[in-house]
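# Descriptive structure summary
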Amino acid sequence: MTFTEEVITIAMCVIGTMATRFLPFLIFREKTPTPIFVQYLGRALPLAIFAMLVVYSLKGVNPLTGTHGIPELIGVVVTIALHLWRGSMLISIAGGTVIYMALLRLVF
């Protein structure tokens, strides 16, 4: 990439990031109520993203070879248990990932 192309790429990234950060505040003012559809998306999208992350994480697991998917299964169970216990998606994902990586590095 030339210097000009790098500057244009960085500028486009900055503009895109700023637009996604500022646009909701410009569209949804304090005095206007948030549309029902946007409220629905706020409730549904975190669960959809969580489900997509699970599918993506488990897509390459083959129970007939290697570790037979045991570290992945333990990671999923820990993630579910943490989410039921704490109710925090961040703690759930981080805890399950730490357990999975520890199992891969230390046990399997």
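Residues numbered from 1 in each chain as written. Predicted model: local features only at pLDDT ≥ 70, side-chain atom pairs only at ≥ 80, totals over all residues. Heavy atoms only, no water.

## So, helix 4 (residues 89–107)
Residues three or four positions apart in an α-helix share a direction because the helix packs 3.6 residues into each turn. Taking 1.5 Å as the rise per residue, helix 4 with 19 residues should run 27 Å; its terminal C-alpha atoms sit 26 Å apart, in good agreement. All of the buried residues along helix 4 are Ser92, Gly95, Gly96 and Leu103. Each buried residue of helix 4 lies within a common arc of 95° when the element is viewed along its axis, so the set occupies one face. Those residues of helix 4 that are exposed and angled more than 90 degrees off the buried face are Leu90, Val98, Arg105 and Leu106. The inward-facing, buried residues of helix 4 abut helix 3 (70–86). (Helix = DSSP H or I, 4+ residues; strand = E, 2+ residues; numbered from the N terminus. Expected span 1.5 Å × (residues − 1). Buried < 20%, exposed > 50% of the residue type's maximum accessible area, 1.4 Å probe, protein only. Arc of directions from axis to C-beta. Contact = heavy atoms within 4.5 Å.)

## Brief notes about the packing of helix 3 against helix 4
Interaxial distance between helix 3 and helix 4 falls to 8 Å at its minimum, and their mutual angle equals 155°. Overall, the two elements helix 3 and helix 4 adopt an arrangement that is roughly antiparallel. Judged by the sense of rotation from one axis to the other, the crossing of helix 3 with helix 4 is right-handed. Contacts between helix 3 and helix 4 involve Pro71, Glu72, Ile74, Gly75, Val78, Thr79, Leu82, His83 and Arg86 from the former and Met89, Ile91, Ser92, Ile93, Gly95, Gly96, Ile99, Tyr100, Leu103 and Leu104 from the latter. The residue inventory of the contact of helix 3 with helix 4, partitioned by class, reads 11 nonpolar, six polar and two charged. (Axes fitted to C-alpha atoms, helices over the stretch in contact; angles between N-to-C directions. Parallel < 35°, antiparallel > 145°, perpendicular 65-115°, else oblique. Left-handed = near helix turned anticlockwise from the far one by under 90°. Nonpolar A, V, L, I, M, F, W, Y, C, P; charged D, E, K, R; others polar.)

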